[in-house]
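Architecture and fold: a report
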Amino acid sequence: MTFFERYFERLDGDDPHSALELVSEDCEFSIQWANAADRKSSQFLGGLEELRGFTDAGDTSGWAHHVVWSGVHGDIEFALGETRWDESGERIGTFLCVAQLDGDGKMRRYMVARTPALEFAKDDGARPA
């Protein structure tokens with residue numbers, strides 16, 4: 001299981017704060033958040049306490065994060081994913097995130113962008129000519 005699969009499983013679970021156990025004390029993050037398909041977005045910055053506040057402000061009931069693709073290069077992990085409604089599986093938004101992990105495998109740097117405006121096509125095996 002990748003770091004982001006573990007992180008989002010905890011974040012979407014019964015105890016979202018347990019995801020913070022995977023975050024280092026000196027974490028720095030930037031969350032780029034677009035709530036709608038217009039040009040407006042917000043940036044949230046900070047450290048562990050601000051990430052705790054962002055977690056507190058979120059309402060994950062009825063939906064969850066799904067990692068579609070991920071990759072690792074040294075201490076850097078990337079993930080492309082979607083938020084989806086639990087009942088229908090319908091996509092709510094698409095996110096791309098990257099984390100730098102420390103020697104204990106905890107997230108030290110974190111950047112994520114999220115938008116409902118763009119969906120990546122499912123891989124059907126076809127490639128452009």
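Quick note: structure is the one above.
So, a few notes on the structure that sits alongside this text. Just so it is clear, the model here is predicted, and its values are computed rather than measured.

**Concerning the pattern of salt bridges**
- A complete count under the given rule lists six salt bridges for this structure.
- Here Asp26 makes a salt bridge to Arg108, at a shortest N to O gap of 2.9 Å. Of this pair, Asp26 sits in strand β1 (residues 23-33) while Arg108 is found in strand β6 (residues 107-115), placing the two residues 82 residues apart along the sequence.
- A relative accessible area of 40% places Asp26 in the partly exposed class.
- Between Arg91 and Glu119 there is a salt bridge, with its nearest N and O atoms 3.6 Å apart. Of this pair, Arg91 sits in strand β5 (residues 91-101) while Glu119 is found in the segment after β6, placing the two residues 28 residues apart along the sequence.
- Among the residues examined, Glu119 registers a relative accessible area of 47% and is labelled partly exposed.

**Quick look at a nonpolar patch on the surface**
- Side chains of Val68, Trp69 and Phe78 sit close together on the surface and give an oily, nonpolar patch of about 310 Å² of accessible area.
- Along the chain, Trp69 turns up in strand β3 (residues 63-73).
- The class of Trp69 is exposed, set by a relative accessible area of 51%.

**Some thoughts on the sheet that holds β5**
- Judged by pairing direction, the sheet is mixed, and its six strands sit side by side in the order β2-β1-β6-β5-β4-β3 without closing on themselves. Bordering the open sheet on either side are β2 (42-46) and β3, each of which pairs with just one other strand. Here the average twist between neighbouring strands, direction ignored, is 15°.
- Direction of pairing for β5 relative to β6: antiparallel, over a ladder of eight bridges. Its bridge partner lying in β6, Leu96 is registered against Ala113.
- Along the sheet, helix α1 (residues 3-11) makes contact with β1, β3, β4 (76-85), β5 and β6, crossing β5 at roughly 125°.
- Lying on the sheet, helix α2 (residues 48-57) is in contact with β1, β2 and β6; it crosses β1 at an angle near 50°.

**So, the packing of aromatic side chains**
- In this structure the tally under the stated criterion is nine aromatic pairs.
- Ring geometry for Phe3 versus Phe4: centroids 5.4 Å apart, planes at 75°, classification edge-to-face.
- The class of Phe3 is buried, set by a relative accessible area of 2%.
- Overall, Phe4 belongs to the buried group, its relative accessible area being 0%.
- Chaining the aromatic ring pairs together yields one cluster made of Phe3, Phe4, Tyr7, Phe8, Phe95 and Tyr110.
- For Arg114, the ring lying beneath its charged end belongs to Trp33, and the centroid distance is 4.5 Å.

**A short note on the side chain of Ser30**
- Within the element layout of this structure, Ser30 appears in strand β1.
- Residues within four places of Ser30 in sequence aside, it is in contact with Gln43, Phe44, Leu45, Tyr110, Met111 and Val112.

About the cut-offs
Counting from 1, residues in each chain are numbered in the order their sequence is written. For a predicted model such as this one, the threshold for reporting local features is a pLDDT of at least 70, and the threshold for listing and counting side-chain atom pairs is 80 or more; totals across whole chains, interfaces and linings nevertheless cover every residue. Neither water nor hydrogens contribute to the side-chain values; these are computed over all heavy atoms in the structure. The working definition used for a salt bridge is a side-chain nitrogen of Lys or Arg within 4 Å of a carboxyl oxygen of Asp or Glu. Helix and strand labels come from DSSP, where a helix needs a run of H or I of at least four residues and a strand needs a run of E of at least two; each type is numbered from the N terminus. Exposure classes here rest on a 1.4 Å probe applied to the protein chains alone. A residue is buried below 20% of its type maximum, exposed above 50%, and partly exposed in between. Only residues whose relative accessible area exceeds 30% and that take part in no salt bridge are eligible for patches, with like-charged residues grouped when within 9 Å of each other and nonpolar side chains (Val, Leu, Ile, Met, Phe, Trp, Tyr) grouped when within 5 Å. We get accessible surface area from the Shrake-Rupley algorithm with a probe of 1.4 Å; when it comes to residues, only the shown protein chains can shield them. A pair of strands is considered paired only if DSSP assigns at least 2 bridges between the two. Inter-axis angles, ranging from 0 to 180 degrees, are taken between N-to-C directions of lines fitted to C-alpha atoms, where helices are fitted over the stretch in contact. Here, two residues are considered to be in contact whenever any of their heavy atoms come within 4.5 Å of each other. Note on ring pairs: Phe, Tyr and Trp rings are taken, using the six-membered ring of Trp, and paired if centres are within 6.5 Å. Classes follow the plane angle, with under 30 degrees stacked, over 60 edge-to-face and the rest tilted. Note on criteria: charge over ring means Lys NZ or Arg CZ within 6 Å of the ring centre, with the direction from the centre no more than 35 degrees off the ring normal.

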